[in-house]
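Coordinates in review
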Amino acid sequence: MKNYDALALFSGGLDSILAVKVVQKQGLDVLGLHFVSPFFGHPDKVAHWQELYSIPVKIVDVAEEYLRILQEGPKFGWGKVLNPCVDCKIFMLKKAKELLSHYGAKFIISGEVLGQRPMSQRRDALYLIRREADVKDVLLRPLCAKHLDPTPMEESGLVERDKLLGISGRGRKEQLRLAREFGLREIPTPAGGCLLTDKESAKRYLPLLQRVKGAEASDFYLANVGRQYWAGNYWLSIGRDKNDNQQLLRLAKDSDYIFKLKDFPGPIALGRSAGKRESGEEERQGEDWPEEVILSAASLVCGFSPKARRSKRKVVVEIRKDKEKRAVLVLPEDGSSMDWQEPRWEKG
Ligand code: SF4
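Bear in mind that the values here come from a model prediction, so they are computed numbers and not experimental data.

This paragraph deals with the sheet that holds strand E11 (residues 324-330). In spatial order, the strands read E6-E7-E9-E8-E10-E11; together these six strands make up an open sheet with antiparallel pairing. Since the sheet does not close on itself, it has two edges, and those belong to strand E6 (227-231) and E11, each with one partner. Pairwise comparison of adjacent strand axes, ignoring direction, gives a mean angle of 25 degrees for this sheet. Where helix H10 (residues 242-251) meets the sheet, it contacts strand E7 (234-238), strand E8 (257-261) and strand E9 (268-273), and its direction lies at approximately 35 degrees from that of E9.

Every residue near the ligand is listed here: Phe40, Tyr66, Pro84, Cys85, Cys88, Arg117, Cys194 and Thr197. Classifying every residue of the shell around the ligand by side-chain character gives six nonpolar, one polar and one charged.

Read from one edge of the open sheet, five strands run E3-E2-E1-E4-E5, paired in parallel fashion. Where the open sheet ends on each side, the last strands, each with one partner, are strand E3 (57-61) and strand E5 (139-140). Examined bridge by bridge, strand E2 (residues 30-36) and E3 share five bridges and lie parallel to one another. Across the sheet, Gly32 pairs through a bridge with Val57, a residue of E3. Contacts from helix H4 (residues 85-100) reach strand E1 (6-9), E2, E3, strand E4 (107-109) and E5 within the one sheet, and its direction differs from that of E1 by about 160 degrees.

On to the pattern of salt bridges. Pairs may arise between side chains of opposite charge once their charged atoms sit close together. According to the stated counting rule, one finds 25 salt bridges in the structure shown. Note that Glu132 and Lys75 form a salt bridge whose closest N and O atoms lie 3.1 Å from each other. A residue pair is termed long-range when its members are at least 10 positions apart, and Glu132 in helix H5 (residues 123-132) and Lys75 in the loop between helix H3 (63-72) and H4 qualify at 57 residues. Classification of Glu132 by relative accessible area gives partly exposed; the value is 25%. For Lys75, a relative accessible area of 61% corresponds to the exposed category. Lys95 is the salt-bridge partner of Glu98, the closest N and O atoms lying 3.3 Å from each other. On the criterion of helical spacing, the pair formed by Glu98 and Lys95 is a turn pair, its members being three residues apart in helix H4.

Take the domain arrangement of the protein chain next. The domain architecture assigned to the protein chain consists of domain 1 (6-181) and domain 2 (199-330). One C-alpha centre belongs to domain 1, the other to domain 2; they are set 38 Å apart. Taken together, the contact pairs eleven residues of domain 1 with twelve residues of domain 2. Carbon and sulfur atoms supply 73% of the area buried between domain 1 and domain 2, which totals about 960 Å² over both sides. On the domain 1 side of the interface with domain 2, the three residues burying the most area are Pro38, Gln71 and Leu82, jointly 45% of the side's total. The interface formed by domain 1 and domain 2 holds zero salt bridges in total. Joining domain 1 to domain 2, the criterion identifies four residue pairs in polar contact (both at pLDDT 80 or more). Ranked by residue count, the leading element in the side of domain 1 that touches domain 2 is H3, at five residues. Of the residues that constitute the side of domain 1 that touches domain 2, the class distribution is eight nonpolar, two polar and one charged.

Turning next to the packing of aromatic side chains. This structure, assessed with the given rule, holds 15 aromatic pairs. Considering the side-chain rings of Phe39 and Tyr205, the 4.9 Å spacing of their centres and the 85 degrees angle between planes classify their relative orientation as edge-to-face. Of the two residues, Phe39 is situated in the loop between E2 and helix H2 (46-53) and Tyr205 in helix H8 (residues 199-211); the sequence distance between them amounts to 166 residues. The buried category is assigned to Phe39, whose relative accessible area is 1%. Relative accessible area serves as the criterion here: at 0%, Tyr205 is assigned to the buried category. Taken together, a centroid distance of 5.6 Å and an interplanar angle of 75 degrees make the contact between Phe39 and Phe220 edge-to-face. Here Phe39 is found in the loop between E2 and H2, whereas its partner Phe220 is found in helix H9 (residues 217-223), with 181 residues between them in sequence. Judged by relative accessible area, Phe220 falls into the buried class, the value being 0%. Aromatic ring contacts, followed pair by pair, group Phe39, Phe40, Tyr66, Phe91, Tyr205 and Phe220 into a single cluster.

Conventions adopted
Note that residues are indexed from 1 along each chain, following the sequence as it is written. Side-chain atom pairs in this predicted model are given and counted only at pLDDT of 80 or more, local residue features only at pLDDT of at least 70, and totals for whole chains, interfaces and linings cover all residues. To get the side-chain values, all heavy atoms of the structure are used, and hydrogens and water are removed first. Should DSSP find at least two bridges between two strands, the strands are regarded as paired. The numbering of helices and of strands both runs from the N terminus, where a helix is a DSSP run of H or I of at least 4 residues and a strand a run of E of at least 2. Each axis is a line fitted through C-alpha atoms, and for a helix only the stretch in contact is used; angles between axes span 0 to 180 degrees, taken between their N-to-C directions. By definition, residues are in contact when any of their heavy atoms lie within 4.5 Å. A cutoff of 4 Å decides nearness: a residue is near a molecule or strand if any of its heavy atoms lies inside that distance of it. Just so you know the grouping, Ala, Val, Leu, Ile, Met, Phe, Trp, Tyr, Cys and Pro go in nonpolar, Asp, Glu, Lys and Arg go in charged, and all remaining residues, Gly too, go in polar. The working definition used for a salt bridge is a side-chain nitrogen of Lys or Arg within 4 Å of a carboxyl oxygen of Asp or Glu. Buried residues are those whose accessible area, probed at 1.4 Å on protein chains only, stays under 20% of the maximum for their type, while exposed residues exceed 50% and partly exposed ones sit between those limits. All domain edges in this entry derive from an automatic or database-based domain assignment. Two parts lose some accessible area (1.4 Å probe) when they are put together, and adding that loss for both gives the buried area. For the purposes of these results, a polar contact is taken to be a pair of N or O atoms within 3.5 Å, where, inside protein, one atom must be able to donate a hydrogen and its partner to accept one; residues adjacent in sequence count only when each atom of the pair is a side-chain atom. Pairs were defined over the aromatic rings of Phe, Tyr and Trp, the Trp ring being its six-membered one, requiring ring centres within 6.5 Å. Orientation was assigned from the angle between planes: stacked under 30 degrees, edge-to-face over 60, tilted for the rest.

Structure below.
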């Protein structure tokens, strides 16, 4: 396996690209680590980035480990939405440190800019993150290094401090100038890309965090897809378009319910049991739904087919679970007995 001088936290954002470029320019070999979870990461873009920016990138799936921060609650608090940025940075740096010896690398690069983000890039936060991640001796922040104390990498001459930068603040002017200087053919837009900072996405995770003990990464990936409905412990995801429908089929487990209209065009829906019963007794994932819940869910799914609604008659919905198929006859939106609710944003 090829050894590297440094491992970089590589989100694919402009700052992460520039941080690598600054160090590459000193003749050092850098491997980007692209962390992937239901909330961030674009593994589909990695090949493109490697080619475009001449940066080798390794995908690191951290989904299950990352969930613990959300499920246990972050030690250093939430940001404006469901983003635990300080804990998140600490987590990523710890992961990178674990991988150093694997790649024969001596230090870690992070593209933080002093004062760019209120929560995680204030001076005190930068020092706190470095201390909590236990990376004091191995962390280099090339974009704002000149605002910080020299690191062992600079003191030993492994990295030339004079060639590091002193960027600070929220503007992007200096980064855009650098991007031109490095001849970057594509400049990523500043949009965060982390779903935990977006209320519309984050509200989908709340039922899983508030009601479901031990929800898994696969549950959070499912929460990202389609329209979401919950009735107690019963969870229904309904596709909004072809792409959603394909994703639902891809994410389905044998124990899930798959709903599909037989004679009309309409969405695919995936039903999953999750959470606890009202009595507090643990509900097994994959447990059979009572018939009234199945009929109510089928009726709700039909309601999203305009042609089925206009037919004003009962329609056939095919249902698959545990590789067995059956069909039920329901009226679209027939005033179901269940109170299916879309998650609302109410962080508490
Ligand atoms: S925005 Fe998301 S990925 Fe970025 S530090 Fe915050 S929680 Fe982590």
